[in-house]
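# Residue-level structure breakdown
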Amino acid sequence: MRAVVPVLTVVAVIVAIWYAAAVWLNAPWARDMAARQDRELGAAELVVDTWSQDKPKLPAPHQVVTELWETTVEKSVTSKRSLVYHAWVTLSATLAGFGLGTALGFALAVGIVYIRVMDMSVMPWVIASQTIPILAIAPMIIVVLNAVGVSGLLPKAVISMYLSFFPVVVGMVKGLRSPSAMQLDQMRTWNATSAQEFVKLRLPSSMPYLFASLKIAMAASLVGAIVGELPTGAVAGLGARLLAGSYYGQTIQIWSALFMAAAVAAAMVGLIGVLQRVTLRRMGLDR
Amino acid sequence: MTARALVSRAPLVAFQIALGVALVAKGLVSSGVGTALVTLALFAVWIGGTLLNSWLAARPGVLRFKAFAIPLVFGLTLLAMWEIAVRGYGVSTVILPPPSAIAVRFSHSLPILWEDFVQTVIKGALSGFVIGCVAALVTAVVVDRFDFLRRGLLPVGNFVAALPIIGIAPILVMWFGFDWQSKAAVVVVMVFFPMLVNTVEGLHDTSAMQRDLMRTYAAGYWTTLFKLRLPAAMPFIFNGLKIASTLALIGAIVAEFFGSPVRGMGFRISTSVGLLALDLVWAEIVVAAIAGSAFYGAIALLEKAVTFWHPSQRGHGH
């Protein structure tokens, strides 16, 4: 609660700067139009004009909010002009990739923790794999998978998966190794099998790490899905809205798609946060 | 060795053998001897690589050599399997070129690759990385000075760091034009927030006792900042730099998808995909991977030199 006032202040300052920047960036166009019509713009007229252009360089916040309202609430959800529809297209790919990535990451982490050779051979490559800008080859993955007859949701999910498995591997390896030597010895004195050791000790102790990784993985997964939509030729999804907006100079559309993406990211990460709190409380791990 | 003993002693190899036998059998039944032989070769290489690595890992020897050799064997195994699979199954080069074809293409198109590297990595990514990181460092020091700003900006910064920032690429391309300036701008925005959050956190990583000691020395704000708090923040700053280094490359390449001059890695990748010249695409990926690893490695080396006192750097290496 202590943070509310400072956060609101910072947000207010950002909005104020945004309005000022809108005037500054859009003014040349407004002056240009006025000069063509042989008019002189007063200061007040200039401000009003810069905040209400059709294709501004930087749309004012209220223009973006209006566009968001029109494309989410006033359009039916199934319409192709509805932002909810596009957000759902992106979200479904995100969730599919997130699920696949988490499963893959989890499996790799278990292998790395339990099999020494995998630890020494796979782990360096997992790290190296992330220095490859996979987003850069997203178009190729999409086109190639299309060529072998896989299209629609799955290619985007593959990119999301690639981006989201890494945080899960790193977090889970750390988490599964977090029990102390003393706790592991205790399990051994109880004659626990390695399966029991995994289920009763390692898995529960890895939960805080798992949730921290899941948040990062979800954010990365959304980025993957958005970029994955770029090369499909702007059919559907938030990435397609971005691309179409940039082709036709529809800045308001770009910004509203961006805000929608931000809302989706915030909602998903928030959801994981709630899950985390509930789970950790039931396990008695929250402080 | 019985099957049971194999599963418990070498679960990975047991799994590989089981999968290999199943797939070879399936190949024999459904698509003939040739395919089955390719599958057999594939699994022979895989299991051979794994056994070699198991042997290396179990051998008493210098840890440093093993940490280098084992990943290398694993990588070579993957490359060999890739080559065998593509050639053996007759995969079209339009879908997946074999590594040897990529290597040939790489050596033949060095001038193009170099031009793209300069355009994207040096001009776009590196300049944006430097501007963004310096700006974030300065902002972090200012934010840290005023507690009100810290409490207000940090949650916002954390929120922004989780957003798909790459989405602003089309806007910045519109503002700054098609050349490298717009790519650098995208990189600046992408690296700014992770860097800011990490640095602010790092500047708080001093104990009350350390700060008290500085006070007994009658050190002022600036002296404390430069002699105690910035050095103490270095592990966090380097953490931010590492995250930023991968983001920088991604930002510079993806921003080129929204418009670029006729050079640059992102441009080359998107046009070559259209021309089905996948070997050139993979050559660009190799360049990107080398550049990314070198970038990350350079930062890691610098970190080792600067934060030699930190526990995470002292534990191993000698």
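So, how was this worked out
- Residues numbered from 1 in each chain as written.
- Chains lettered and ligands numbered in written order.
- Predicted model: local features only at pLDDT ≥ 70, side-chain atom pairs only at ≥ 80, totals over all residues.
- Heavy atoms only, no water.
- Helix = DSSP H or I, 4+ residues; strand = E, 2+ residues; numbered from the N terminus.
- Rg over C-alpha atoms; globule rule 2.2 N^0.38 Å.
- Buried < 20%, exposed > 50% of the residue type's maximum accessible area, 1.4 Å probe, protein only.
- Contact = heavy atoms within 4.5 Å.
- Areas by Shrake-Rupley, 256 points an atom, 1.4 Å probe, with all protein chains shown as cover.
- Domains from an automatic or database assignment.
- Buried area = accessible area lost by both parts, 1.4 Å probe.
- Salt bridge = Lys/Arg side-chain N within 4 Å of Asp/Glu carboxyl O.
- Polar contact = N/O pair within 3.5 Å; in protein donor to acceptor, adjacent residues only side chain to side chain.
- Nonpolar A, V, L, I, M, F, W, Y, C, P; charged D, E, K, R; others polar.
- Phe/Tyr/Trp six-rings, centres within 6.5 Å; stacked < 30°, edge-to-face > 60°.
- Lys NZ or Arg CZ within 6 Å of the ring centre and 35° of its normal.
- Core = buried A, V, L, I, M, F, W, Y, C linked by side-chain atoms within 4.5 Å.

Another point: the overall build of chain B. Tallying secondary structure elements over chain B gives 14 helices and zero strands in all. Here the C-alpha atoms of chain B give a radius of gyration of 25 Å, more than 25% beyond the 20 Å that 2.2 N^0.38 yields for 318 residues. Here the C-alpha coordinates of chain B stretch approximately 80 × 55 × 35 Å along the principal axes. Counting every position in chain B, which comprises 318 residues, the buried fraction comes to 46%. Of the contacts made within chain B by residues no fewer than 6 positions apart, 71% connect residues no fewer than 24 positions apart. Accessible surface, chain B as shown: approximately 15900 Å² in total, 73% of it carbon and sulfur.

Residue and element names in this part refer to chain A. Under the domain assignment, chain A is made up of domain 1 (4-58) and domain 2 (83-283). Of note, the centres of domain 1 and domain 2, computed from C-alpha atoms alone, are 39 Å apart. Taken together, the seven residues of domain 1 in the interface contact seven residues of domain 2. Interface of domain 1 and domain 2: buried area, both sides summed, is about 480 Å²; carbon and sulfur atoms make up 60% of it. A per-residue breakdown of the area domain 1 buries against domain 2 is headed by Trp18, Lys55 and Pro56, which together make up 68% of the total. Where domain 1 touches domain 2, the interface holds zero salt bridges. Between domain 1 and domain 2 we count zero residue pairs in polar contact (both at pLDDT 80 or more) in total. When the residues that make up the side of domain 1 that touches domain 2 are grouped by side-chain class, the tally is three nonpolar, one polar and three charged.

All right, on to the interface of chain A and chain B then. In this complex, chain A contributes 52 residues to the contact, which on the side of chain B involves 48 residues. Between chain A and chain B, a total of about 4300 Å² is buried, with carbon and sulfur atoms accounting for 86% of that surface. On inspection of chain A and its partner chain B, the count reaches zero salt bridges. At the boundary of chain A and chain B, one finds zero residue pairs in polar contact (both at pLDDT 80 or more).

Another aspect to go through is the packing of aromatic side chains. A ring pair, where both rings are aromatic, is described by two values, the distance of the centres and the angle of the planes. Scanning the entire structure with this criterion turns up 11 aromatic pairs over all chains. With 5.4 Å between their ring centres and 40 degrees between their planes, Trp18(A) and Trp255(A) make a pair best called tilted. In this pair, Trp18(A) sits in helix H1 (residues 4-36) while Trp255(A) sits in helix H11 (residues 251-283), placing the two residues 237 residues apart along the sequence. Considered together, Trp18(A) and Trp255(A) belong to a single accessibility category, that of buried residues. Aromatic pair Trp82(B) and Trp282(B): ring centres 5.2 Å apart, planes at 65 degrees, arrangement edge-to-face. Of this pair, Trp82(B) sits in helix H4 (residues 63-88) while Trp282(B) sits in helix H13 (residues 278-306), and the two are 200 residues apart along the sequence. Look at Trp282(B) and you get buried, because its relative accessible area is 18%. Three or more aromatic residues joined by ring pairs make a cluster, and in this case those are Trp18(A), Trp255(A) and Phe259(A). If you follow Arg202(A) out to its NZ or CZ, it ends over the ring of Tyr114(A), 5.4 Å from the centre.

A few words now on unusual backbone geometry. A positive phi angle, near 60 degrees, is found at Asn191(A), a position not held by glycine. Along the polypeptide, Asn191(A) turns up in the loop between helix H8 (181-189) and helix H9 (194-228). Taking relative accessible area as the criterion, Asn191(A) reaches 66% and is therefore assigned exposed. At Ala218(B), a residue that is not glycine, the phi angle is positive and equals roughly 60 degrees. Inspection of the secondary structure assignment puts Ala218(B) in the loop between helix H10 (208-216) and helix H11 (221-255).

Another aspect to go through is the nonpolar core. Met140(A), Val169(A), Phe129(B) and Leu241(B) are the most contacted members of the largest nonpolar core, which has 128 residues in total. If you tally residues by element for this core, the top one is H11(B), at 14 residues. Beyond its immediate stretch of four places on either side in the chain, Met140(A) contacts Val273(B), Leu278(B), Val281(B), Trp282(B) and Ile285(B). Counting six residues, the second largest nonpolar core, distinct from the first, contains Met120(A), Leu56(B), Ala57(B) and Val73(B).

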